[in-house]
Every structure is written in structure tokens, then in C-alpha cells.
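What follows is each chain in one-letter form.
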Amino acid sequence: QVQLVESGGGLVQPGGSLRLSCTASGIIYAIYTMGWYRQAPGKQRELVAAITNTGFPNYADLVKGRFTISRDDAKNTVYLQMDSLKVEDTAVYYCWRSQSGVDYWGQGTQVTVSS
């Protein structure tokens, strides 16, 4: 089993920045994909960004150029640097890890972008 612990969510004004962190613990495999999904009220959950164990990133079009995902394998941690935040980025952000064909989810952290 894998446990994911998220941090870094909060309230920020439009144009501001936040950095999300997610640390995995438990049975950790070397081959993985990890990142964040988000879900706004009344909306479907969508992929925000993901990164593989090799460091290959993938971003949703709506955040590309504003968000940066990175990893620290020594700490089993991934980070999502969110810059130029927009009101439309408001959502619950869920850390996600996939390894050996199994998906694991964090508890979710609220990101609110508001004036």
C-alpha cells in the first residue's frame, strides 16, 4: 500500500503563487507516475500535471506555462509550483501516484484563488 500526504494548498489572490507538495510512503516502486488531478465543484476531475520516474512531465493545456511539476526521488516527493494563478484554478487538488498498475490518491487539498 501507498500513502500520499499533501501540503501547500490555501487561499491566494489572482496572479499569486502556491507550491504543492506530495510525499509518498509505504511500498514504493522505482517505476511510477505521480502528479495532481483537480476537481472544481460541479466539474469532472481532470489531470493537472504528472511526472514519471524518469522526469518526463505532462501538463494540461490550461496550466501549461504557468505550472511546473518536479520530483525529488530521494524524498519520494513531487512538487507542483503554481504561478500566475487564476480564479479558474480554484479546485480541490488530489495527489496521485500510479505504480504497478495501481492508482493511489491523496486526501485532497483545497486551492482557492480569489480577490
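Structural data are supplied above this passage.
Anyway, here's the lowdown on the structure attached to this text.

How each quantity is defined
- Residues numbered from 1 in each chain as written.
- Predicted model: local features only at pLDDT ≥ 70, side-chain atom pairs only at ≥ 80, totals over all residues.
- Heavy atoms only, no water.
- Phe/Tyr/Trp six-rings, centres within 6.5 Å; stacked < 30°, edge-to-face > 60°.
- Helix = DSSP H or I, 4+ residues; strand = E, 2+ residues; numbered from the N terminus.
- Buried < 20%, exposed > 50% of the residue type's maximum accessible area, 1.4 Å probe, protein only.
- Lys NZ or Arg CZ within 6 Å of the ring centre and 35° of its normal.

**Things to note about the packing of aromatic side chains**
Right, on to step 1. Under the counting rule described, the total for this entry stands at 2 aromatic pairs.
Right, on to step 2. Seen in terms of ring centroids, Y37 and W96 are 5.5 Å apart; in terms of plane orientation they differ by 80°. Their pairing is edge-to-face. One end of the pair, Y37, is in strand β4 (residues 33-39); the other, W96, is in strand β9 (residues 91-99), and 59 residues separate them in sequence.
Right, on to step 3. Classification of W96 by relative accessible area gives buried; the value is 11%.
Right, on to step 4. On the numbers, 5.2 Å between centres and 65° between planes, the contact of Y37 with W105 is edge-to-face. One end of the pair, Y37, is in strand β4; the other, W105, is in strand β10 (residues 102-105), with 68 residues separating them in the sequence.
Right, on to step 5. Assessed through its relative accessible area of 37%, W105 is described here as partly exposed.
Right, on to step 6. In this arrangement the basic side chain of R45 is found over the ring face of Y94, its NZ or CZ atom lying 3.9 Å from the centre.
Right, on to step 7. Lying across the ring of Y32, R97 places its NZ or CZ 4.2 Å from the centre.

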